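Residue strings, one per chain:
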Amino acid sequence: MMPHLTFENFFDSFVRATVDHDDVTAIVTDSGLERSFAEVKRRARKVAHVFHAKDIPPQGRVVLIARNGPWFHDLLFACAMVGAVLVPVNPKLSSVEVEYILDDARPILIFADKQGRSRIPQDATWAICDVERDIDEICSTTDELTPGSVDPKLPLLQIYTSGTTGQSKGALITHENLLAVTRDGTEHLGRFSRNDKALVCLPLFHIAGIDWAVFALMAGSTTVLLPEVDAAKAVSAITSHRVTKLLLVPAVIRMLVELLELRSVDTSSVTTLCFGASPMPEELIARIRALFPFAGLIHVYGLTETSGMFTYLPASQIASGKRLLSCGIPFLSGGLDIVDPEGRSLAPFARGEIVYRGPQLMAGYWNKPEATEAAIRNGWVHTGDVGYRDDEGYLFVCDRLKDMVKSGDENVFPAEVENVVLKHPRIADAAIIGIPDAKWGELVTAVVVMRENESITLEELQEFARPSLAPFKLPRRLVLVSALPRNAGGKVLKHELRATYARESRLDLPAFTTPEPAYGENVNCN
């Protein structure tokens, strides 16, 4: 069990929580690198010394554009020590997307790996460091910084997410936010201890991966770190390191299951398997339970704006076959409600918007006061997700108001893709939706209205969008229609499109289709 966390700055709390763990292995990578807790602390102090020497001001931005690596911990803790803000960025984004984030964040320093550096504009004027080389050089030559006082209410992370406008927003996660989710996560998600080994393969530029890595460190557990999601490497890590704790998204779990069902693998070390980000089909739950017989399965739900998960479905519920589709109950420190469009609380089983308040609530969006006011009203953050609670308070998520597509371990925001697709001169109208896919969870699907006497192929659309979008955001399926269904206010009725093409996807239609949607169906979100 993790020692009590006080709401001080994040690095000081880490040092206090792991004071008796210095000789314990903190991080193991797939390349064989190992670092003790003492080494993690020493490296953080050395990087912080450089930040201090370079006069990085309080709340100055430090950008990291790289795949997973131990450098994340170096930079996170160094930023915590000097009051800077770490801005982790997906290296798979397009150069256009990265340039927008850099212009918005206005960093003092950028750390990037080879792929990340290729995304930075060639005429960039920011100071750019090679994250794989320069941090090791710093840690081999620099003095250590003596920690100072940093207000824990200040932001520590700026994680870019998106909404219905398609414009990226930097969610500001404070020291206190991260400590709050750590306190509840390590207590309710299988109780982390110094004897645990947690596999971290989800990206450390998304809140889920960050949470999982932080939980392990704060509890004095060992982090088994993979550079990216890879089912074969994950299986290898589980067996060779005797991993005890996993956090995965359903699409990755399916890849893992399909691999494990072809092999004889000892998974007896795994005691906790958490999943979230999208619904887990009951058949997949049954298969994963058979492959991980000693693991408690826990469903979690949250978002970037809530510093990650704020509800959990206890393992006992899934083990007994109850509420398999529920996201569970909120952590004790936070509040959950279901409200109507006027913000009024709804009765059990009534569907409305899911809202949250509590110590995990972000400080707001960087440089976007109007977006912050729209998201946080009267102390509650509006998630954009529709759900209901049963008569015992268990949460069920029905649909996503924000229409985010979850493809593999990546989040794709339709408005971002639509903004690019609609620039094509032959396209008159377009909507991006996600349709179910056995391998990826959802496929990015473009439903397109062409201009008169015009046509387009999926390959042509992908080629047009490729310079502006990351590969995982490119449409994987194209549907041509004569018109998009809209309500009286002019908004596209995406739930009708999803209902139509989700049904057709189960018929194994080809990737390029041209049927007209059948509108007006009643869709049961259970």
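Preceding this paragraph is the structure being described.
Residues numbered from 1 in each chain as written. Predicted model: local features only at pLDDT ≥ 70, side-chain atom pairs only at ≥ 80, totals over all residues. Heavy atoms only, no water.

K.L.:
I keep staring at the environment of His299 and nothing clicks. Help me out?
P.N.:
Inspection of the secondary structure puts His299 in strand E13 (residues 296-303). A relative accessible area of 5% places His299 in the buried class. Put simply, His299 and Ala499 are 200 residues apart on the chain and 25 Å apart in space, counted from C-alpha to C-alpha. Separated by 2.8 Å, the side chain of His299 and the backbone oxygen of Ser326 make a polar contact. (Helix = DSSP H or I, 4+ residues; strand = E, 2+ residues; numbered from the N terminus. Buried < 20%, exposed > 50% of the residue type's maximum accessible area, 1.4 Å probe, protein only. Polar contact = N/O pair within 3.5 Å; in protein donor to acceptor, adjacent residues only side chain to side chain.)

K.L.:
Is there a simple way to explain helix H1 (residues 10-17) in this structure?
P.N.:
Note: α-helices contain 3.6 residues per turn, so residues at a spacing of three or four share the same orientation. Those residues of H1 that fall on the buried side of the exposure criterion are Phe10, Phe11, Ser13, Phe14 and Ala17. Summarising the axial view, the buried residues of H1 lie within an arc of 160 degrees, below the 170-degree limit, and thus occupy one face. Those residues of H1 that are buried are in contact with helix H2 (37-53), helix H3 (71-82), strand E7 (155-161), helix H7 (175-188) and helix H8 (207-218). (Arc of directions from axis to C-beta. Contact = heavy atoms within 4.5 Å.)

K.L.:
Is there a simple way to explain empty space enclosed by the protein in this structure?
P.N.:
The rolling of a water-molecule-sized probe over the atoms marks out the regions of remaining empty space. One pass over the full model with this rule turns up two cavities of 30 Å³ or more. Taken as a whole, the largest cavity holds about 50 Å³ of empty space. Looking at the largest cavity, the residues that line it are Leu64, Ala66, Arg67, Asn68, Gly69, Trp71, Phe72, Pro88, Val89, Leu204 and Phe205. Where the lining of the largest cavity is concerned, the elements lending two or more residues are H3 and strand E4 (85-89). Classifying every residue of the lining of the largest cavity gives eight nonpolar, two polar and one charged. (1 Å grid on protein atoms, 1.4 Å probe; cavity = no way out; pocket = protein on both sides within 12 Å on 5 of 7 lines; lining within 4 Å. Points joined across faces, edges and corners; volume = space filled by probe spheres on them. Nonpolar A, V, L, I, M, F, W, Y, C, P; charged D, E, K, R; others polar.)

K.L.:
Would you take a moment to explain the pairing of strand E3 (residues 61-65) for this structure?
P.N.:
Consecutive side chains along a regular strand alternate between the two faces of the sheet. With five of five residues buried, E3 lies mostly within the body of the structure. Burial along E3 is two-sided: Arg61, Val63 and Ile65 facing one way and Val62 and Leu64 facing the other are all buried. Alignment of E3 against E4, held across five bridges, turns out to be parallel. Looking across to E4, one finds that Val63 is bridged to Val87. Crossover E3 to E4 through H3 is right-handed. Here E3 runs beside strand E5 (residues 109-112); their pairing, made up of four bridges, is parallel. Paired with Val63 across the strands is Ile110, a residue of E5. (Pairing = 2+ DSSP bridges. Right-handed = clockwise from strand over helix to strand, strands pointing away.)

K.L.:
What is the right way to read the sheet that holds strand E14 (residues 308-313) from this model?
P.N.:
As a general point, the strands of a sheet are linked pairwise by backbone hydrogen bonds and lie either parallel or antiparallel. Spatial strand order, E2-E1-E10-E9-E11-E12-E13-E14-E15: nine strands in an open sheet with mixed pairing. The sheet is open, and its two edges are formed by strand E2 (34-36) and strand E15 (329-330), each paired on a single side. For strand E12 (residues 272-275) and E13, the ladder comprises four bridges, and the chain directions are parallel. Bridging from a neighbouring strand, Thr272 pairs with Gly296 of E13.

K.L.:
So what exactly am I meant to see when it comes to the side chain of Thr182 here?
P.N.:
When you line up the elements, Thr182 lands in helix H7. One polar contact links the side chain of Thr182 to the main-chain carbonyl oxygen of Leu178, over a distance of 2.6 Å.

K.L.:
So what exactly am I meant to see when it comes to the layout of surface pockets here?
P.N.:
The computed volume of the second largest pocket comes to approximately 430 Å³. Every residue lining the second largest pocket is counted, 23 residues in all, and those nearest its centre are Lys92, Glu228, Asp409, Glu410 and Phe472. For the lining of the second largest pocket, the residue count by class is twelve nonpolar, four polar and seven charged.

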